Amino acid sequence: MMKKHSLLLLLFLSISVFFVSCKEETKKTIKTEKISFTKEGTLTIYKAQTDSVLTNLDIEIAETDYETETGLMYRKSMAKNHGMLFIFPDVRQHYFHMKNTEIGLDIVFIGENMKIASFQENAQPFDEKTLPSQVPVKYALEINAGLAEEWLLEVGDRVEFTKD
């Protein structure tokens, strides 16, 4: 009887070791592909008082639900002369957050009249708090954090863009 009990114990331990070692072998690392900038248009910002050019940007355009929901998420960096323009189907107050966004951003909200309506400056990476437009808008432009201040952008400055 003791031999049978010992054999059963040995079988149980062998099976346990097999399952534990199998579990460790199934751990896999999922690699994500790098998301690259794709130029889809150009955007120019003009100073309201002088109508002089403040800056020109190459832009990606977010129009679909998927594009507007993901925006610049999972990007490691963005060139100074790049931005992402969101084109919304409606004019209303829009809300952003920085979930899964790895770079600090300035969000420039633009009215249907193509004039800057409000800002959210220096939005912090991975911050999930809500960033509202404050007023109804049709567009939003995401640029690297600090550029709105560097370019001295103001409410009322004018924006033009073209699609490629």
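What comes next is a walk through the structure. (Residues numbered from 1 in each chain as written. Predicted model: local features only at pLDDT ≥ 70, side-chain atom pairs only at ≥ 80, totals over all residues. Heavy atoms only, no water.)

The next point concerns the side chain of H82. Residue placement: H82 occurs in strand β3 (residues 82-92). If we ignore the near neighbours within four places in the chain, the residues touching H82 are F37, L57, D58 and I143. (Helix = DSSP H or I, 4+ residues; strand = E, 2+ residues; numbered from the N terminus. Contact = heavy atoms within 4.5 Å.)

Attention now goes to the sheet that holds strand β1 (residues 41-46). Within a sheet, adjacent strands bond to each other through the backbone by hydrogen bonds, running parallel or antiparallel. One open sheet holds the 7 strands; their spatial order is β6-β5-β8-β3-β2-β1-β9, and the pairing between them is mixed. Strand pairing shows two members of the sheet lacking a second neighbour, β6 (116-123) and β9 (158-163), which therefore form its edges. Sheet twist, expressed as the mean angle between neighbouring strand axes with direction ignored, is 30°. Where strand β5 (residues 105-110) and β6 come together, 5 bridges link them in antiparallel fashion. Of the residues in β6, the one forming a bridge with I110 is I116. (Pairing = 2+ DSSP bridges. Axes fitted to C-alpha atoms, helices over the stretch in contact; angles between N-to-C directions.)

Right, let's get into the side chain of T101. Looking at the element boundaries, T101 is found in the loop between β4 (95-96) and β5. Residues in contact with T101, not counting those within four places in the same chain, are L72, M73, P125 and F126.

Turning to unusual backbone geometry, a few remarks are in order. With phi around 60°, D51 is a residue other than glycine that occupies positive phi space. Mapping D51 onto the fold places it in the loop between β1 and β2 (53-62). Backbone geometry at L152 places phi at a positive 55°, although glycine is not the residue there. Note on placement: L152 falls in the loop between α3 (147-150) and β9.

Quick look at the nonpolar core now. Membership of the largest hydrophobic core comes to 19 residues, with the highest contact counts inside it found for L43, L85, L141, I143 and L153. Elements supplying a minimum of two residues to this core: β1, β2, β3, β5, β8 (137-144) and α3. Excluding anything up to four places from it in sequence, I143 contacts L57, M78, H82, G104, L105, D106, V108, A148, W151 and L153. In terms of nonpolar packing, the next biggest core, distinct from the first, is built from 16 residues, F86, F96, L105 and I107 among them. (Core = buried A, V, L, I, M, F, W, Y, C linked by side-chain atoms within 4.5 Å. Buried < 20%, exposed > 50% of the residue type's maximum accessible area, 1.4 Å probe, protein only.)

For the rest of this paragraph, the subject is the pattern of salt bridges. Counted by the stated rule, this structure contains 10 salt bridges. In this structure, the salt-bridge partner of R158 is E160, at a minimum N-O distance of 2.5 Å. By relative accessible area, R158 is classed as partly exposed at 23%. Here E160 falls in the partly exposed class, since its relative accessible area comes to 39%. Three or more residues joined by partner-sharing salt bridges are found here, namely K47, E154 and D157. (Salt bridge = Lys/Arg side-chain N within 4 Å of Asp/Glu carboxyl O.)

This paragraph deals with the environment of N144. Checked against the element boundaries, N144 lands in strand β8. Residue N144 is classed as buried on the basis of its relative accessible area of 15%. Sequence-wise, N144 and E121 are 23 residues apart; in three dimensions their C-alpha atoms are separated by 9.4 Å. Every residue in contact with N144, bar those within four places of it in the chain, is listed here: M78, A79, K80, I103, G104, L105 and D106. Here the side chain of N144 touches M78 through a polar contact of 2.8 Å, landing on its backbone oxygen. A polar side-chain atom of N144 sits 3.3 Å from the main-chain carbonyl oxygen of A79. (Polar contact = N/O pair within 3.5 Å; in protein donor to acceptor, adjacent residues only side chain to side chain.)

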